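# Secondary and tertiary structure notes
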Amino acid sequence: ERRSKLLGSLNKTDAFRKRASDTAKITSARKDIQQNRSARLKFWRDSNKQEFYAKCTANMHKYKSKPEKLLYSFVSSSFPDLNFLNNKFIKDSAFLTFSKTGNKQIDMISESRTIAIEFDGFLHFKEVWVGSLIKIKQKDSLFSQYCIDKNITLLRVSLDTYSYRVGQGFSQATLDKIREIIKNPTPGVHFIGKSWNGADYTHIFSKEEILKIYGA
């Protein structure tokens, strides 16, 4: 009991806390410890995909990602006269198939609603839990068709155009392409990035072409 009290009081001192912290850092840096932790985490994710989505991925979507923030900053500063709106909801009966309210959230859209921009992250290309990918593809396909029907110029920028290792994130070629399309908007869907069909850039303006991108 005396030893327990002594250790308890010592653990409250800055010197003991620092030593414990330094020891934990050394232990955590060991490759075998990191590999074991990564393996256990991967096993849990693979075994509990829906729970991982609810606890982690869904919460992540409450906030804008770094690529989205950078992209919004770029277009809003490059085209202040277009007054791009961030995380704007539009309502239309066309969206009732996947939204009870008929609302559709859009990453960026001009005040005139003639130009829209979506940054498509990994959820648009990788299945997180059973059935998630096909649902997202259906939503993306429907919104793409909506933009074609309404003569909206839609830019879809895929995750492969962004690198966390590059200073500005997006390559200059990507930013130049976005600027070129916004300067001379052409209705239809402009796919920027290789994640959809392997091409750096694809412009489509018919339902048949949308089905080729997203599948029937």
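See the structure above.
Below is a short write-up of the structure. (Residues numbered from 1 in each chain as written. Predicted model: local features only at pLDDT ≥ 70, side-chain atom pairs only at ≥ 80, totals over all residues. Heavy atoms only, no water.)

## Let's talk about the overall build of the protein chain
Short version of the rule: Per the convention used, a helix needs a DSSP run of H or I reaching at least four residues, while a strand needs a run of E reaching at least two, with both numbered from the N terminus. What the globule rule says is 2.2 Å times the number of residues to the power 0.38, and the radius of gyration is computed from C-alpha atoms. Partly exposed describes any residue whose relative accessible area lies between the buried limit of under 20% and the exposed limit of over 50%, with all areas from a 1.4 Å probe on protein chains only and scaled to the type maximum. By the convention used here, residues are in contact when the closest approach between their heavy atoms is within 4.5 Å. Residues scored as charged are limited to Lys and Arg (positive) and Asp and Glu (negative), so that His and the chain ends carry no count. Every charge is mapped onto a representative atom, which is NZ of Lys, CZ of Arg, CG of Asp or CD of Glu.
Helices and strands together make up the secondary structure of the protein chain, namely eight helices and six strands. Relative to the globule expectation of 17 Å for 216 residues, the C-alpha radius of gyration of the protein chain, 23 Å, shows a markedly less compact shape. When its C-alpha atoms are laid out on the principal axes, the protein chain stretches across 80 × 35 × 35 Å. Across the 216 residues in the protein chain, those meeting the buried criterion constitute 33%. Relative to all contacts within the protein chain whose residues are 6 or more apart in sequence, the contacts with residues 24 or more apart total 58%. Charge centroids of the protein chain, computed over 38 positive and 22 negative side chains, lie 10 Å from each other.

## Observations concerning the pairing of strand β4 (residues 153-158)
The following threshold applies: Two strands are counted as paired when DSSP detects at least two bridges linking them.
Most of β4 sits out of view: six of its six residues are buried. Residues of β4 alternate between two faces, with Thr153, Leu155 and Val157 on one and Leu154, Arg156 and Ser158 on the opposite face, all of them buried. Where strand β3 (residues 115-120) lies against β4, six bridges are found, and the strand directions are parallel. The residue bridging Ile117 from the neighbouring strand is Leu155, located in β4.

## Topic: the packing of helix α6 (residues 132-149) against helix α8 (residues 207-214)
For any two helices packed against each other, one specifies the crossing angle of their axes together with the interaxial distance. For clarity, the threshold we go by: Axis lines are fitted through C-alpha atoms, for helices just across the contact stretch, and the angle between N-to-C directions can take any value from 0 to 180 degrees. Each angle gets one of four labels, with under 35 degrees taken as roughly parallel, over 145 as roughly antiparallel, 65 to 115 as roughly perpendicular, and the rest as oblique. Handedness of each helix crossing follows the sense of rotation of the near helix against the far helix: counterclockwise by less than a right angle gives left-handed, clockwise gives right-handed.
Contact geometry for α6 and α8: axes closest at 10 Å, N-to-C directions at 160 degrees. Classified by the interaxial angle, the pair formed by α6 and α8 is roughly antiparallel. Our pair here, α6 against α8, has a crossing hand that is right-handed. Contacts between α6 and α8 pair Lys137, Asp140, Ser141, Ser144, Gln145 and Ile148 from the former with Lys207, Ile210 and Tyr214 from the latter.

## Focus: the side chain of His190
Within the fold, His190 resides in strand β5 (residues 188-192). Relative accessible area serves as the criterion here: at 3%, His190 is assigned to the buried category. Dropping the residues within four chain positions of it, His190 is found in contact with Thr153, Leu154, Leu155, Arg156, Ile181, Tyr201, Thr202 and His203.

## Observations regarding the packing of aromatic side chains
Filter applied, for reference: Aromatic rings from Phe, Tyr and Trp, with only the six-membered ring used for Trp, were paired whenever their centres fell within 6.5 Å, and each pair was classed as stacked if the ring planes differed by under 30 degrees, edge-to-face if by over 60, and tilted otherwise. Each ring is checked for a lysine NZ or an arginine CZ that lies within 6 Å of its centre and within 35 degrees of its normal; such an atom marks a charge sitting over the ring.
On inspection of all chains with the given rule, the structure shows nine aromatic pairs. Taking the centre distance of 6.1 Å and the plane angle of 85 degrees together, the rings of Phe119 and Phe170 count as edge-to-face. In this pair, Phe119 is assigned in strand β3 and Phe170 in the loop between β4 and α7 (172-183), connecting sequence segments 51 residues apart. For Phe119, a relative accessible area of 9% puts it in the buried group. Put simply, the rings of Phe95, Phe98, Phe143 and Tyr146 touch in pairs and so form one group of aromatic residues. Stacked on the ring of Phe143, the Lys or Arg Lys104 has its end atom at 4.7 Å from the ring centre. Against the face of Tyr201 rests Lys177, its NZ or CZ located 4.0 Å from the ring centre.

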